[in-house]
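# Coordinates in review
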Amino acid sequence: MRPIIELEGIAKRYRLGRIGATSIRDSIDRTWHRVHGKSSDGRLAKADFWALRDLSFAVNRGEMVGVIGQNGAGKSTLLKILSRITEPTRGEAVLRGRPASLLEVGTGFHPDLSGRENIFLNGAILGMRRHEIRAKFDEIVAFAEVEEFIDTPVKRYSSGMYVRLAFAVAAHLEPEILLVDEVLAVGDAAFQKKCLGKMGEVAREGRTILFVSHNMASILALCERVVLLKKGKLLGNGPTQEVVRDYLKSTIEEEIVDLEQRSDRKGDGSARLLSCKVESVDSGHFVSSSSRMKFTLAYKSDRPLRHVRFLVTIYDYNNTGIYLFDSDAVGGIPEKLPAEGVVTCATDPINLTPGRCYINLALFRGTAMADHVEQATSFDVEADEFYQTGRMPPREWVLCLLQHQWSLQEGPP
Amino acid sequence: MHDVMTTGQESDFEIRIRPNQGWLRIDLRALWEFRDLLALLVRRDLVARYQQTALGPAWAIVQPLAMTLVFTLVFGKLAGISTDRLPPVLFYLCGLLVWNYHAQTFQLTGGTFTSNVELFGKVYFPRLIVPFAVALSNLIAFVIEAAIFAIFWCYYKFFTAAGAQFGTDARLLLAPLVLLQVAAVSVGAGLIVASCTAKYRDLRHALPLIVQVWLYLTPVIYPLSKVPARWQWAMALNPLAPPVEMMRFLLLGRGEVNAGQYFCSSALAAFLFLAGVMIFQRTERTFIDTV
């Protein structure tokens, strides 16, 4: 039997200079400058960006295949092409079965329509026929647990109800091929489990699923095979355990940031920071809100050192300082250090909201600054079960998380 | 971008996804498969338009009446522009019946890409469904306006002296054909504008201007016969002018459209529609990359 999904030499180019709609004036301006042989504002000069390069692989009927890779590896572009949202620049993909894609739940939901009407609308947008939806209707409503509110406009739903209803429709699609993006990252933990269960069920029924995720736990739980992408290229394709292990190993190796090439550093240079490695103590690569972290710094000097002070500062994207790990303030570094060595700094759970953090490093000898590297590296904090509810505030609101309890005090105030 | 074709026993069909090919790739089968979506989008459009408004669908009544009142006062009484010996109210209402359908459909389909970025970025379905749904949902407003027109028509016919000046007969049955031609123009022009705005966002600001100018170039507030003979050929180039006049002829029995003009406008309507669909298809395939 021929594979149900077959990709051959799929490549996708984005023209960086042309991303974003333009105005007619811009266009005339650019054409003018192109004719006259120079770039108007440098935008033309920028190279094309290949999000996918000659990607070829196949998926067999009934397989559940995971797609993993770091941000920018081309996972979403791949799903967009297979979902027919955009077309490839080169190559060909063949789908030998009815596809449905789930890049988001609740696509096309209209706030003024009732839950009932939205089920039909959303189902139709996802490719279901009216009679199919009607046949599944009661099951969908029961899955979403919104029976009493089914004739209420969805704008009056709580966000939890909204997401449950949206996922319920999607979960009851019966395509031969299901393309799923990270949609499980929504909803509370219990509901996420239910969705994962439903997806496992779907796979057992013999449908083919292509599943993009950052969540290694769900990839390991659901997929037999994994495709690993890196910078638009196929880096691995095989049994889940093996490829995930390779992936985690490669990302950890990559995480040792070489600082020797950095010329934008300050300090007298009497000692240098050579490299730094950022990791999560508990989960290996992924740093999440309740991770304890470990920073490993390698340094070098031409003679043994005395009174050395190491500083690791964590910043957010606004350059607001979040944490300062100072070896002088805490102690633990002996007074005399060899000329070359490695120091580590281990932390308690970091309690940060999901988002990117930047690291500055500094090395002092006494009061003299020997080395200082700004933005030595960065790391992303992923959301986790910090509050055990599947919810947490976004980075736009706050930086830090703190365990706390709410309770009702009986009686009048 | 993708063909659907029937193959052996393995599966019903096969979808081939490959780059950029040809201008005429209209997937009629997919359009047919998504016909339920068309019906649901029509319903969504109606709810979205009328749900949170105080008067609801009554807006479809208020708008043409207010316009007719203004036209009667300004163009009829003040400027003294001829209404072809017809009661001014009927004359303007009839023109607006066609014009409003066109203006609404044109403007809404013209925004197909800009107002559906979210949807188009997340899921595939034949994009043409969206403008077609707009053309259909606007029929509701058209029917409401037609009902008002019918009421005024009866009043003038049976209760005023002007009743002898106008009338209709079996030719009324041709009115849906005229409307179909208008819809082809509105959707065709709308799709072209939609495709252009996908690349050039500033065209969005030009849309209201186009609509306004187009109104004055169309015999809505004046009869086609008042256009000087040496400019009559130009009116044939406005694919809306002959249908508006024709509608007046069908419903009120007055209006001068020559066969040449009408044929020319029908051909233009067909051309606009096909060109619109083709340009739209080409744009839709990579539109989302430019967002």
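Below is a short write-up of the structure. (Residues numbered from 1 in each chain as written. Chains lettered and ligands numbered in written order. Predicted model: local features only at pLDDT ≥ 70, side-chain atom pairs only at ≥ 80, totals over all residues.)

### Quick word on the interface of chain B and chain A
How big an interface is tends to be expressed through the accessible area that disappears when the partners come together. Formally: Once C-beta atoms are placed from the backbone, any two residues with those atoms within 7 Å are in contact. Put simply, DSSP H or I for four residues or longer makes a helix, DSSP E for two residues or longer makes a strand, and each gets a number counted from the N terminus. Classification used: nonpolar for Ala, Val, Leu, Ile, Met, Phe, Trp, Tyr, Cys and Pro, charged for Asp, Glu, Lys and Arg, polar for all others including Gly. Pairing between strands is defined by DSSP: at least two bridges between them are needed.
Counting residues at the interface gives 35 residues for chain B and 44 residues for chain A. Counting residues per element, the ones that place at least two in the side of chain B that touches chain A are strand S2 (13–17), helix H2 (35–50), helix H5 (117–122) and helix H7 (175–199) of chain B. With six residues, H2 of chain B is the single largest residue contributor to the side of chain B that touches chain A. Split into classes, the residues belonging to the side of chain B that touches chain A amount to 15 nonpolar, eight polar and twelve charged. As judged from the three bridges shared by strand S4 (residues 90–95) of chain A and S2 of chain B, these two strands associate in the antiparallel manner. Its bridge partner being in S2 of chain B, Val 94 of chain A is matched across the sheet by Arg 16 of chain B.

### Some thoughts on the sheet that holds strand S9 (residues 233–239) of chain A
Residue and element names in this part refer to chain A. Quick reminder of the rule: Angles here are taken between N-to-C directions and fall from 0 to 180 degrees, while the axes themselves are lines fitted to C-alpha atoms, restricted in helices to the stretch in contact.
Taken in spatial order, the six strands line up as S5-S6-S7-S3-S8-S9 in an open sheet, and their pairing is mixed. The open sheet has two free edges, formed respectively by strand S5 (99–102) and S9, since each of these has just one partner strand. On average, adjacent strands in this sheet sit at an angle of 15° to one another, irrespective of strand direction. When strand S6 (residues 177–180) meets strand S7 (residues 208–212), the two strands line up parallel, connected through four bridges. Residue pairing in the sheet places Ile 177 in a bridge with Thr 208 of S7.

### Observations regarding the nonpolar core
Considering soluble globular proteins, one finds that nonpolar side chains tend to be buried as a cluster. Let me state the cut-off plainly: Joining buried Ala, Val, Leu, Ile, Met, Phe, Trp, Tyr and Cys residues through C-beta atoms within 7 Å gives a set, and that set is a nonpolar core. Burial in this document is a count-based property: other C-beta atoms within 10 Å of a residue's C-beta are tallied, and the residue is buried at 20 or more, exposed at 12 or fewer, or partly exposed in between, with C-beta positions derived from the backbone.
Ala 166, Ala 170, Leu 178, Leu 210 and Phe 211 of chain A together with Cys 94 and Met 247 of chain B are the most contacted members of the largest nonpolar core, which totals 140 residues. Looking at which element gives the most residues to this core, the answer is helix H4 (residues 88–110) of chain B, with 14 residues. Contacts of Ala 170 of chain A, omitting those with residues within four sequence positions, involve Leu 102, Val 105 and Leu 126 of chain A. Core analysis: the second largest hydrophobic core is formed by 29 residues, Ala 271, Tyr 299, Val 312 and Val 381 of chain A among them.

### Details of unusual backbone geometry
Residue and element names in this part refer to chain A. Phi angles above zero are rare outside glycine, and Glu 145 is one such case at about 55°. Position of Glu 145 among the secondary structure elements: in the loop between helix H4 (130–144) and helix H5 (159–171). Positive phi values are uncommon outside glycine, yet Gln 388 reaches one of about 60°. Locating Gln 388 in the fold gives a position in the segment after strand S21 (368–382).

### What about helix H10 (residues 241–252) of chain B?
All names here are of chain B. The following threshold applies: To estimate how far a helix should extend, the number of its residues minus one is multiplied by 1.5 Å.
Given a rise of 1.5 Å per residue, twelve residues ought to cover 16 Å, and the 16 Å separating the end C-alpha atoms of H10 matches this to within 8%. When we look at burial in H10, the residues that qualify are Ala 241, Pro 242, Pro 243, Val 244, Glu 245, Met 246, Met 247, Arg 248, Phe 249, Leu 250, Leu 251 and Leu 252. Lining the buried residues of H10 we find H4, H7, helix H9 (232–237) and helix H11 (259–284). Following H10 by one or two positions, Gly 253 has its phi on the positive side, about 75°.

### Quick look at the packing of helix H3 (residues 59–78) of chain B against H4 of chain B
All names here are of chain B. To keep it simple, the criterion reads: For classification, angles of less than 35 degrees are called roughly parallel, those exceeding 145 degrees roughly antiparallel, those between 65 and 115 degrees roughly perpendicular, and all remaining angles oblique. In this scheme the handedness of a crossing depends on how the near helix is turned from the far one: anticlockwise by less than a right angle means left-handed, clockwise means right-handed.
Where H3 contacts H4, the axes come no closer than 9 Å and their chain directions differ by 125°. One way to sum up the angle between H3 and H4 is to call them oblique. Here H3 and H4 pass one another in a crossing that is right-handed. For the pair formed by H3 and H4, the contact residues are Pro 64, Met 67, Thr 68, Phe 71, Thr 72 and Gly 76 on the first element and Pro 88, Val 89, Tyr 92, Leu 93, Leu 96 and Asn 100 on the second. Across the contact of H3 with H4, the residue classes break down as eight nonpolar, four polar and no charged.

### Brief notes about the pairing of strand S12 (residues 271–280) of chain A
Residue and element names in this part refer to chain A. Across three bridges, the pairing between strand S10 (residues 256–258) and S12 is antiparallel. Note that in S12 the partner of Asp 258 across the bridge is Ser 275. In the sheet, S12 pairs with strand S14 (residues 292–301) via nine bridges, with the strands oriented antiparallel. Opposite Glu 279, over in S14, you have Lys 294 as the bridge partner.

### A look at the sheet that holds strand S19 (residues 340–349) of chain A
All names here are of chain A. With antiparallel pairing, four strands are arranged side by side in an open sheet as S10-S12-S14-S19. Lying at the two open borders of the sheet, with one neighbouring strand each, are S10 and S19. Between one strand and the next, the sheet's axes are offset by a mean angle of 20°, whatever the strand orientation.

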